[in-house]
Amino acid sequence: MLHGFESQGKVAIKLCCFSMNDNVVIEISDNGVGISQEKLSSILSDEKTKSNGHTTGIGIKNVHKRIQHYFGEGYGITAIESRKGAGTKVQITIPKVVGDLA
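I will try to describe carefully the structure that is included in this document. The structure presented is a predicted model; accordingly, all values stated were derived computationally and were not measured.

**Observations regarding the sheet that holds strand β6 (residues 87-95)**
For step 1, the next point in the chain: If you walk across this open sheet you meet the four strands as β1-β2-β6-β5, and the pairing is antiparallel. With one partner strand each, in any of the chains shown, β1 (13-20) and β5 (76-83) form the two edges of the open sheet. Strand-to-strand twist of the sheet, defined as the mean angle between neighbouring strand axes without regard to direction, takes the value 15°.
For step 2, the next point in the chain: Two strands pair when backbone bridges link them, and β5 and β6 are joined in this way by seven bridges, in the antiparallel orientation. Following the sheet pairing, A79 is matched in β6 by Q91.

**Observations regarding the pairing of β6**
For step 1, the next point in the chain: For β6, a buried count of seven out of nine residues is recorded, marking the element as mostly surrounded by other parts of the structure.
For step 2, the next point in the chain: Pairing between strand β2 (residues 23-30) and β6: seven bridges, direction antiparallel. Looking at the pairing, V24 lines up with I94 of β6.
For step 3, the next point in the chain: Once β5 ends, the chain turns through three residues before running back antiparallel as β6, passing G85 with a positive phi of about 80°.

**Regarding unusual backbone geometry**
For step 1, the next point in the chain: One non-glycine residue, N21, lies in positive phi territory at about 55°.
For step 2, the next point in the chain: Within the secondary structure, N21 is located in the loop between β1 and β2.

**What to know about the side chain of Q68**
For step 1, the next point in the chain: As for its placement among the helices and strands, Q68 is situated in helix α2 (residues 58-71).
For step 2, the next point in the chain: Assessed through its relative accessible area of 18%, Q68 is described here as buried.
For step 3, the next point in the chain: One polar contact links the side chain of Q68 to the main-chain carbonyl oxygen of Y75, over a distance of 3.4 Å.
For step 4, the next point in the chain: Setting aside anything within four residues of it in sequence, one finds Q68 in contact with E73 and Y75.

What counts and what doesn't
Residues numbered from 1 in each chain as written. Predicted model: local features only at pLDDT ≥ 70, side-chain atom pairs only at ≥ 80, totals over all residues. Heavy atoms only, no water. Pairing = 2+ DSSP bridges. Helix = DSSP H or I, 4+ residues; strand = E, 2+ residues; numbered from the N terminus. Axes fitted to C-alpha atoms, helices over the stretch in contact; angles between N-to-C directions. Buried < 20%, exposed > 50% of the residue type's maximum accessible area, 1.4 Å probe, protein only. Polar contact = N/O pair within 3.5 Å; in protein donor to acceptor, adjacent residues only side chain to side chain. Contact = heavy atoms within 4.5 Å.

Structure, rendered in structure tokens:
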């Protein structure tokens, strides 16, 4: 399975951004196959999870760690909600930035 969309017909991905206090919250949701509670609980942990010979969760952990490296510990992936067969929603929080990021 690649990115939770194996053998699935049409896939819907929804992106929503909003301002909350001094932060920007980005929510990405899909109608994919969902993530089991077991995988969900370990997805941001430092342990490596293997499934069918493939390491899983690397991309999500990488995004989280990169955001934290750039903006600090209080930022990154702040919530993941998922139900098997009903899709997944990931929430990312970053600070509002005014001016040049470079």
